Amino acid sequence: QVQLVESGGGSVQAGGSLKLSCVVPDNIFKICPMGWYRQAPGKERELVSIISSNGFTTYGDSVKGRFTISRDNAKNRLYLQMSSLKTEDTAVYYCAACRRASGAFAYWGQGTQVTISS
């Protein structure tokens, strides 16, 4: 069973920063596209960012210019640096690995809560 483990969530004021981390098993880290999604209460899960195995990145429109996705191949870790946070960024953030041709991801973390206060 593939297990992804997120950390780094918490509560900060608007305008602040947080960095999320996700540990990914070695056997899939180096070959799989990975990404971050988020889900706010009462809303559908939303794409935040995706990074390919060779480092190509894409971002959701709502986070462009504020969030940065990265991967550390030596540590098998996926990161999401979040800056200029807004109250509307409040959500549970999920790490995902191995994007299929359909666009769906095969593996998911348990989620980490991010709360932004005004």
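Above this text sits the structure in question.
Summary of the structure given here.

How each quantity is defined
- Positions within a chain are numbered from 1, following the residues in the order the chain's sequence is written.
- At least 70 in pLDDT is required for a residue's local features to be given in this predicted model, at least 80 for side-chain atom pairs to be given and counted, and no such filter applies to totals for whole chains, interfaces and linings, which use all residues.
- Hydrogens and water are ignored here; the side-chain numbers use all heavy atoms of the structure.
- If DSSP finds at least two bridges between two strands, the strands pair.
- Numbering of helices and strands starts at the N terminus; helices are DSSP runs of H or I of at least 4 residues and strands are runs of E of at least 2.
- Where helices are involved, their axes are fitted lines through C-alpha atoms of the stretch in contact, as for all axes, and angles between N-to-C directions lie from 0 to 180°.
- The buried label goes to any residue with under 20% of its type's maximum accessible area, the exposed label to any with over 50%, and the partly exposed label to all in between, with areas taken from a 1.4 Å probe on protein chains only.
- Contact definition: two residues touch when any of their heavy atoms are within 4.5 Å.
- What counts as a salt bridge is simple: a side-chain nitrogen of Lys or Arg found within 4 Å of a carboxyl oxygen of Asp or Glu.

## Side note on the sheet that holds strand β7 (residues 67-72)
Move 1: As summarised here, the arrangement of the four strands in space is β1-β3-β8-β7, forming an open sheet in which the pairing is antiparallel. Every interior strand has two partners, whereas the edge strands, β1 (5-7) and β7, have only one. Ignoring which end each strand starts from, the neighbouring axes of this sheet average 15° apart.
Move 2: In terms of strand pairing, strand β3 (residues 18-23) meets strand β8 (residues 77-82) through six bridges, oriented antiparallel. Across the sheet, residue Cys22 finds its bridge partner in β8, namely Leu78.

## Some points on the environment of Thr68
Move 1: With respect to the helices and strands, Thr68 occurs in strand β7.
Move 2: A relative accessible area of 42% means that Thr68 is categorised as partly exposed.
Move 3: Spatially, the C-alpha atom of Thr68 lies 13 Å from that of Met34, the residues being 34 residues apart in sequence.
Move 4: When residues no more than four places from it in sequence are discounted, the contact partners of Thr68 are Tyr59, Tyr79, Leu80 and Gln81.

## A few points about the pattern of salt bridges
Move 1: Summed over all chains, the structure comprises five salt bridges.
Move 2: Its salt-bridge partner being Lys30, residue Asp26 comes within 3.0 Å of it at the nearest N-O pair.
Move 3: We classify Lys30 as partly exposed; its relative accessible area is 44%.
Move 4: Between Lys64 and Asp61 there is a salt bridge; the shortest N-O distance is 3.1 Å.

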